[in-house]
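Below, each chain spelled out in residue letters.
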Amino acid sequence: MGALYRRTQFSGMMVSGLTALLITLWWAGCDSLPVLLLSTLVLLVGTMLSSLTIEVHPAFVRWYFGPRVWRRQLSLTEIDQVSVIARSEDGRWPVHLGRSGWVYQVSGHYAVELRLHCGKIIRLGTDNPDEVVEAIRRHQQNLS
């Protein structure tokens, strides 16, 4: 069965920043093989990390960047608490270990915080945190 909730968020800053970087690299020396290789690498990594999709299925939550890169999945039975938080203390890297736990994000000011039974915390950046929390809670109730 497919996802009952699915939302993809795009990062406008990532796209504009990559465009500016690529223009600068090409202007600095587009005839150079190292510059061409670096430009290609930057474009590939930027494409992979320019969007984040969150899916809520009947039994699990899945999230991934770009074209299903860095995909993670978590059973709904592992989640103890789910809430909306402001992301002000988290850094701006798409994937990183924050002060409280792992953070996956592309842009925005809010995240869904998943507190697991084992004590770990996972934060998923999203522009619609209330919808994600509601979908997770609804499916958790269906499991019990």
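Criteria and cut-off values
Residues numbered from 1 in each chain as written. Predicted model: local features only at pLDDT ≥ 70, side-chain atom pairs only at ≥ 80, totals over all residues. Heavy atoms only, no water. Helix = DSSP H or I, 4+ residues; strand = E, 2+ residues; numbered from the N terminus. Buried < 20%, exposed > 50% of the residue type's maximum accessible area, 1.4 Å probe, protein only. Contact = heavy atoms within 4.5 Å. Areas by Shrake-Rupley, 256 points an atom, 1.4 Å probe, with all protein chains shown as cover. Pairing = 2+ DSSP bridges. Axes fitted to C-alpha atoms, helices over the stretch in contact; angles between N-to-C directions. Salt bridge = Lys/Arg side-chain N within 4 Å of Asp/Glu carboxyl O. pLDDT = per-residue confidence, 0-100.

J.: Summarise the overall build of the chain; cite the residues concerned and give the values.
T.: Per the secondary structure count, the chain includes three helices and nine strands. Reading the chain from its N end, one meets helices and strands in the order β-α-α-β-β-β-β-β-β-β-β-α. The buried share among the 144 residues of the chain stands at 42%. Excluding contacts between residues fewer than 6 apart, the proportion of contacts in the chain whose partners are at least 24 apart in sequence is 54%. When the accessible surface of the chain is split by element, carbon and sulfur atoms take 60% of a total near 8500 Å².

J.: Help me get a handle on the sheet that holds strand β4 (residues 69-75), residues and values and all.
T.: Spatial strand order, β1-β2-β3-β4: four strands in an open sheet with antiparallel pairing. At either margin of the open sheet sits one strand with a lone partner, and together these are β1 (5-10) and β4. Strand-to-strand, the axes of this sheet are offset by a mean angle of 10 degrees, without reference to chain direction. In terms of strand pairing, β1 meets strand β2 (residues 51-56) through six bridges, oriented antiparallel. Residue pairing across strands places T8 opposite T53, the latter belonging to β2. Its contacts with the sheet place helix α3 (residues 129-143) against β1, β2 and β3 (60-65), and it is angled at close to 25 degrees to β2.

J.: With reference to specific residues and values, describe the pattern of salt bridges.
T.: Pairing is possible between side chains of opposite charge, provided their charged atoms come close. What the rule picks out here adds up to six salt bridges. Between E55 and R6 there is a salt bridge whose closest N-O contact spans 3.5 Å. With E55 in strand β2 and R6 in strand β1, the pair connects residues that are 49 residues apart, well separated along the chain. Residue classification places E55 among the buried residues on the basis of a relative accessible area of 3%. Across the salt bridge formed by R115 and E113, the nearest N and O atoms sit 3.0 Å from each other. The structure contains a network of salt bridges with shared partners spanning R6, E55 and R62.

J.: Report on the pairing of β4, specifying residues and quantitative values.
T.: As paired strands, β3 and β4 are joined by five bridges and run antiparallel to one another. Bridge pairing in β4 links R62 to Q73. Between β3 and β4, which pair antiparallel and follow one another directly, the connecting turn spans three residues, one of which, G66, has a positive phi of 45 degrees.

J.: Could you give an account of the confidence of the model for the chain, with specific residues and numbers?
T.: Taken residue by residue, the chain gives an average pLDDT of 81. The fraction at 70 or more is 85%. Across the chain, β3 holds the top mean pLDDT of 93, while strand β6 (residues 95-97) sits lowest at 59.

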